[in-house]
Amino acid sequence: MVRLSPSILSANFANLQGDLDQTKGCGLKMIHIDVMDGIFVPNISFAFKVISDIRDKNDYFFDTHLMIEEPIRYIDEFKKAGSDRITVHYEACKDLKATLKAIRDAGMEVGLTAKPETDPKLLLKYFDQIDLILVMSVRPGFGGQKFMEETKATMDLYRKYIDENNLKVKMQVDGGIKTTNVREVLDLGVDEVVSGSDIFAKDIKSQILTYHEIFKEYE
Ligand code: DX5
Ligand code: ZN
């Protein structure tokens, strides 16, 4: 079953819970939480306080995408704030193995990703240590960018690797996804779809329902 992970980066932070309330009653299971430190990426978003403030009112799986340097420093803080899964960047970790283990030991699911320009094959040796591989289909840092067509080759590579090795790793795509192009990544075997501006800058409920209708074609 394909899952949608709406990125709250494009929500209205002056009315964040109001926007989240509009996501209710659509069969949604998770939300995507983008944390940026202004160093790993040229943008700063939000962190623990916002996550813990929305934790109690939203019974979703908190899919947390850390675009920060040395995320190992903050794993326990994100756990405390309410994250259910942490996805870290290959380029951001000096000791990636220890970082993945720290996420696992804290009792969360483990995700791994890389910038589009990083060789995707470098990540394959960690697939036995992760629950999720995230394919970035834009350069991390901002919502509302254009989908990079060349990242489809990475999705294709990872889908084949997961299937050929009988792994349980799920594949997620993040960046530039819209109801108008999502079928192109579903055709490549993506399990989870992140979408930010195409949901929160539009009619939130109707966009989520449209994504779910499209996903049904792939059941
Ligand atoms: C980009 C973030 C994305 C972003 C996606 O660095 O990781 O999650 O919110 O936004 P859209 O769907 O607008 O490209
Ligand atoms: Zn993201």
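Because the structure is predicted, anything quoted here is derived from the model rather than measured.

1. A look at the side chain of E70
So, step 1. Position of E70 among the secondary structure elements: in the loop between β3 (61-67) and α3 (75-81).
So, step 2. One buried charged side chain, E70, makes no salt bridge at all; its nearest oppositely charged neighbour is K94, positioned 4.0 Å away.
So, step 3. What E70 contacts, discounting residues up to four positions off in sequence, is A92, C93 and K94.

2. Quick notes on the nonpolar core
So, step 1. By size, the foremost hydrophobic cluster in this structure holds 59 residues, and its most contacted members are I8, I31, F127, I133, V182 and V193.
So, step 2. Per-element accounting of this core gives the leading share, 5 residues, to helix α8 (residues 204-216).
So, step 3. Apart from residues lying up to four places away in sequence, I8 is in contact with F13, L16, L20, I31, H32, I33, F46, I54 and F200.
So, step 4. Judged by nonpolar contacts, the second largest core, of 6 residues, contains L9, M36, F40 and V41.

3. Let's talk about the UniProt feature "binding site: a divalent metal cation" (unreviewed entry) in the protein chain
So, step 1. Mapped onto the present numbering, the UniProt feature "binding site: a divalent metal cation" (unreviewed entry) falls on H32, D34, H65 and D174. Separation in sequence by 143 residues is not matched in space for these annotated residues, since their most distant C-alpha atoms are only 10.6 Å apart.
So, step 2. Relative to the assigned elements, H32 resides in strand β2 (residues 30-36).
So, step 3. According to the relative accessible area criterion, H32 is buried, its value standing at 0%.
So, step 4. Leave out the neighbours within four places in its chain, and H32 touches S5, P6, S7, I8, D63, H65, Q172, D174 and V194.
So, step 5. For D34, the location among the structural elements is in strand β2.
So, step 6. Accessibility expressed as a relative area gives 4% for D34, which makes it buried.
So, step 7. If sequence neighbours within four positions are ignored, D34 has contacts with S7, L9, S45, F46, H65, M67 and D174.

4. A look at the site of ligand 1
So, step 1. Taken together, the neighbourhood of ligand 1 is formed by 20 residues, with D34, G141, G144, D174 and S197 sitting nearest.
So, step 2. Within the backbone of G141, one N or O atom sits 2.7 Å away from an oxygen atom of ligand 1.
So, step 3. In this structure, D174 approaches ligand 1 through a side-chain N or O atom, which is 2.7 Å from an oxygen atom.
So, step 4. Burial of ligand 1 by the protein amounts to 100% of the accessible area it has alone, namely 390 Å².
So, step 5. Residue assignment for the shell around ligand 1 shows that the elements contributing at least two residues are β2, β3 and β8 (192-195).
So, step 6. With 3 residues, β2 is the largest single contributor of residues to the shell around ligand 1.

5. Things to note about the sheet that holds β3
So, step 1. Spatially, the 8 strands line up as an open sheet ordered β1-β8-β7-β6-β5-β4-β3-β2, and their pairing is parallel. At either margin of the open sheet sits one strand with a lone partner, and together these are β1 (3-6) and β2. Within the sheet, the average angular offset between the axes of one strand and its neighbour, ignoring direction, is 25°.
So, step 2. Direction of pairing for strand β7 (residues 170-174) relative to β8: parallel, over a ladder of 3 bridges. By the bridge assignment, Q172 is partnered in β8 with E192.

6. Quick look at the UniProt feature "binding site: substrate" (unreviewed entry) in the protein chain
So, step 1. According to UniProt, the positions carrying the feature "binding site: substrate" (unreviewed entry) are S7, H65, G141, F142, G143, G144, G176, G196 and S197.
So, step 2. Among the structural elements, S7 can be located in the loop between β1 and α1 (16-21).
So, step 3. Given a relative accessible area of 5%, S7 falls into the buried group.
So, step 4. Relative to the helices and strands, S197 is located in helix α7 (residues 197-200).
So, step 5. Apart from residues lying up to four places away in sequence, S197 is in contact with S10, G144, K178 and K202.

7. Notes on the coordination of the zinc ion (ligand 2)
So, step 1. Around the zinc ion (ligand 2), the protein supplies H32 (NE2), D34 (OD), H65 (ND1) and D174 (OD) as donor atoms, at distances of 2.1 to 2.3 Å.
So, step 2. Metal-centred angles of 70 to 172° between the 6 donor atoms at the zinc ion (ligand 2) mark the site as octahedral.
So, step 3. Read in sequence order, the donor residues coordinating the zinc ion (ligand 2) give the pattern H-x1-D-x30-H-x108-D. Taken together, the residues H65 in strand β3 and D174 in strand β7 connect sequence positions 109 residues apart.
So, step 4. Relative accessible area serves as the criterion here: at 9%, D174 is assigned to the buried category.

What counts, and at which threshold
- Residues numbered from 1 in each chain as written.
- Chains lettered and ligands numbered in written order.
- Predicted model: local features only at pLDDT ≥ 70, side-chain atom pairs only at ≥ 80, totals over all residues.
- Heavy atoms only, no water.
- Helix = DSSP H or I, 4+ residues; strand = E, 2+ residues; numbered from the N terminus.
- Buried < 20%, exposed > 50% of the residue type's maximum accessible area, 1.4 Å probe, protein only.
- Lys, Arg positive; Asp, Glu negative; His and termini not counted.
- Salt bridge = Lys/Arg side-chain N within 4 Å of Asp/Glu carboxyl O.
- Contact = heavy atoms within 4.5 Å.
- Core = buried A, V, L, I, M, F, W, Y, C linked by side-chain atoms within 4.5 Å.
- UniProt positions renumbered as here; feature names shortened; annotations may be inferred.
- Near = heavy atom within 4 Å.
- Polar contact = N/O pair within 3.5 Å; in protein donor to acceptor, adjacent residues only side chain to side chain.
- Areas by Shrake-Rupley, 256 points an atom, 1.4 Å probe, with all protein chains shown as cover.
- Pairing = 2+ DSSP bridges.
- Axes fitted to C-alpha atoms, helices over the stretch in contact; angles between N-to-C directions.
- Donors = N, O, S within 2.8 Å, 3.2 Å for Na, K, Ca; no water.
- Tetrahedral: all angles 85-135°; square planar, octahedral: opposite > 155°, others 65-115°.

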